[in-house]
Amino acid sequence: MSTTSPLPELVPMDVAGRLGRLRAAFDGAGVDALFVTHLTNIRYLTGFTGSAALLAVTPDRALLVTDGRYAGQAPREVDAAGAPVEVGISAEAQRELVQAVLDGSARIGLEAEHVSWASRDRYASSWFPNADLVATAGLVEELRLAKDAGEIARIRRAGAFADAALAEVRPLLDEGLTERQIGLELDTTMRRLGASDTSFETIVASGSNGALPHARPSDRRIVAGDLVVIDIGALVDGYCSDMTRTVAVGEPSSTQVRMLEVVLAAQAAGVAAVRAGVPAADVDAACRAVIEDAGWGDAFSHGTGHGVGLDIHEARRVGRTSTATLAAGQVVTVEPGVYLPEHGGVRIEDTVVVTEVGAEPLTLTPKLTRVAQEHD
Ligand code: ZN
Ligand code: ZN
């Protein structure tokens, strides 16, 4: 087992500026306060990482309410993040604490995509009976789109952990292990390097399993002639990375070689299309054109990519029907694939930052790798 030296401190994130940007969106959303209940959004706005909290935001106040389990952690994290947020600790009086802050607000926004019907009824009848409740969509998610330097540093480090784990584990692919064993090695290696967790359930899909884009690692043994789709990501300070590589074990067939070449070219075309100001659908079209030209359009059965940040799948979606335009600082994946049950699957995926001039990759593992060659 290799030992790791302490990692350099990560660039701080601009948590302090986020509430101001949220308040600037109130008018457009027709609200004079926002009641934030989605934990990931609360984390984004305050730095609080606990498992239960509410956040009331008015033009001049912000109150985070949580329970006694977080009496020490909540003020400490909010403080460390530099977030201009008051903290209220109570298991029983959460409603009263929130009401006290939102009392003068006539139009209170709720996060419509995250509030259950039952909760909405409860907020209307007993929490805010004198206010109009307004369904808002994506107010905080919109802020989360463009990553600051600190966020990109975290995703970059998460990408580096996945790169290092794959480099370490890849030689095991021709040792007759099962998908599950390889997956476990990848997961523990990322953790040992310093990742707090995986950013999603690792995919190791060999042979015909590889033709299922979201296969789970099984007890199938990896054998010569397999294409092995490995889709992994690490988590660093809440931020995800996402990368897929496909490895040919042993001598690939001519069809498998062609699949690898086509997907490699499609992925490169997609990355080359990424730039601020480009419609996300154009990135999808760039990937798809290469695969369609090869006659495998129907075998590319999913969208080209998705945003990555605090969530492994977040806005912007990069697909055929995407209507949004990419902007600098957004982090998206480019991950075309071809899936043919008789031959297996090939997917190649990078997480990239959108810049004014193109795309900067945050996942750097070399593509098109053959295990057998590397042992020569
Ligand atoms: Zn992935
Ligand atoms: Zn992905």
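Structure first, text after, so check above.
In this report, we go over the structure that sits alongside the text. (Residues numbered from 1 in each chain as written. Chains lettered and ligands numbered in written order. Predicted model: local features only at pLDDT ≥ 70, side-chain atom pairs only at ≥ 80, totals over all residues. Heavy atoms only, no water.)

Every protein donor of the zinc ion (ligand 1) is listed here as D231 (OD), D231 (OD), D242 (OD) and E349 (OE), and their distances to the metal cover 2.0 to 2.6 Å. Taken in chain order, the donor set of the zinc ion (ligand 1) reads D-x10-D-x106-E. The metal-metal distance between the zinc ion (ligand 1) and the zinc ion (ligand 2) comes to 3.1 Å, with D242 coordinating both. Here D231 is found in strand 9 (residues 227–232), whereas its partner D242 is found in the loop between strand 11 (239–240) and strand 12 (243–248), with 11 residues between them in sequence. Residue D242 is classed as buried on the basis of its relative accessible area of 3%. (Donors = N, O, S within 2.8 Å, 3.2 Å for Na, K, Ca; no water. Helix = DSSP H or I, 4+ residues; strand = E, 2+ residues; numbered from the N terminus. Buried < 20%, exposed > 50% of the residue type's maximum accessible area, 1.4 Å probe, protein only.)

Right, let's get into the sheet that holds strand 3 (residues 62–66). The strand order across the open sheet built from six strands is 4-3-2-1-5-6, with neighbouring strands paired in mixed fashion. Of all strands in the sheet, those with a lone pairing partner are strand 4 (86–89) and strand 6 (132–136), marking the two edges. Averaged over all pairs of adjacent strands, the angle between strand axes in this sheet comes to 25°, irrespective of strand direction. Note: strand 1 (residues 33–36) against strand 5 (residues 107–111), three bridges, orientation parallel. Its bridge partner being in strand 5, F35 is matched across the sheet by L110. Those strands touched by helix 4 (residues 73–81) are strand 3 and strand 4, and its axis lies near 170° from that of strand 4. (Pairing = 2+ DSSP bridges. Axes fitted to C-alpha atoms, helices over the stretch in contact; angles between N-to-C directions. Contact = heavy atoms within 4.5 Å.)

Below, the discussion takes up the coordination of the zinc ion (ligand 2). For the zinc ion (ligand 2), the protein coordination sphere consists of D242 (OD), H306 (NE2), E335 (OE) and E349 (OE), at 2.0 to 2.1 Å. For the zinc ion (ligand 2), the four donor atoms are set out with angles of 77 to 151° between them, so the coordination reads as irregular. When the donors of the zinc ion (ligand 2) are listed by position in the chain, the intervening gaps give D-x63-H-x28-E-x13-E. Classification of E335 as buried rests on a relative accessible area of 10%. We classify E349 as buried; its relative accessible area is 0%. (Tetrahedral: all angles 85-135°; square planar, octahedral: opposite > 155°, others 65-115°.)

This paragraph deals with helix 5 (residues 94–102). Owing to its 3.6 residues per turn, the α-helix brings residues three or four apart onto one side. Among the residues of helix 5, Q94, V98, V101 and L102 are the ones counted as buried. Angularly, the buried residues of helix 5 cover 90° about the axis, an arc narrow enough to put them on a single face. Here the buried face of helix 5 lies against strand 1, strand 2 (54–57), strand 3, strand 5 and helix 6 (117–127). (Arc of directions from axis to C-beta.)

Moving on, we get to the packing of aromatic side chains. With the rule as written, the count across this model stands at seven aromatic pairs. Taken together, a centroid distance of 5.2 Å and an interplanar angle of 85° make the contact between F48 and Y70 edge-to-face. Placement of F48 in the loop between helix 3 (39–46) and strand 2 and of Y70 in the loop between strand 3 and helix 4 is noted, with a sequence separation of 22 residues between them. There is no split in this pair, since F48 and Y70 are both buried. An aromatic cluster of three or more residues is present, and its members are F35, Y123, W127 and F128. The residue whose ring lies beneath R18 is Y44, and the NZ or CZ to ring-centre distance is 4.0 Å. The ring of F300 carries R288 above its face, with NZ or CZ at 4.1 Å from the centroid. (Phe/Tyr/Trp six-rings, centres within 6.5 Å; stacked < 30°, edge-to-face > 60°. Lys NZ or Arg CZ within 6 Å of the ring centre and 35° of its normal.)

Here we come to the sheet that holds strand 11. Across the sheet, which stays open at both edges, the three strands sit in the order 7-10-11 with antiparallel pairing between neighbours. The open sheet terminates on both sides in strands that have one partner only, identified here as strand 7 (197–198) and strand 11. Here two bridges tie strand 10 (residues 234–236) to strand 11, and the two strands are oriented antiparallel to one another. The residue of strand 11 that forms the bridge with L235 is C240.

In this sheet, strand 14 (residues 314–318) lies alongside strand 13 (residues 305–307) in antiparallel orientation, the contact comprising two bridges. Paired with G305 across the bridge in strand 14 is V318. Between strand 13 and strand 14, which pair antiparallel in sequence order, lie six residues.

The next point concerns the pattern of salt bridges. Evaluation of the coordinates by the stated rule reveals 24 salt bridges. A salt bridge links R61 to E86, with the shortest nitrogen-to-oxygen separation between them at 2.7 Å. Within this pair, whereas R61 is found in the loop between strand 2 and strand 3, its partner E86 is found in strand 4, the two being separated by 25 residues in sequence. Residue class for R61 comes out partly exposed when judged on its relative accessible area of 34%. (Salt bridge = Lys/Arg side-chain N within 4 Å of Asp/Glu carboxyl O.)

It is worth spelling out helix 10 (residues 254–273) at this point. In this model helix 10 runs 29 Å from its N-terminal to its C-terminal C-alpha over 20 residues, within 8% of the 28 Å that 1.5 Å per residue would give. Regarding helix 10, the residues found buried are Q256, M259, L260, V262, V263, A266, Q267, G270, V271 and A273. (Expected span 1.5 Å × (residues − 1).)

We now examine the packing of helix 10 against helix 11 (residues 280–293). For the pair helix 10 and helix 11, interaxial distance at closest approach is 8 Å and the crossing angle is 155°. As far as their axial angle goes, helix 11 and helix 10 are roughly antiparallel. Here the hand of the crossing between helix 10 and helix 11 comes out right-handed. In this structure, helix 10 contributes V262, A265, A266, A269, G270 and A273 to the contact, and helix 11 contributes D282, V283, A286, C287, V290 and I291. (Parallel < 35°, antiparallel > 145°, perpendicular 65-115°, else oblique. Left-handed = near helix turned anticlockwise from the far one by under 90°.)

These values are about where atoms sit, not about what they do.
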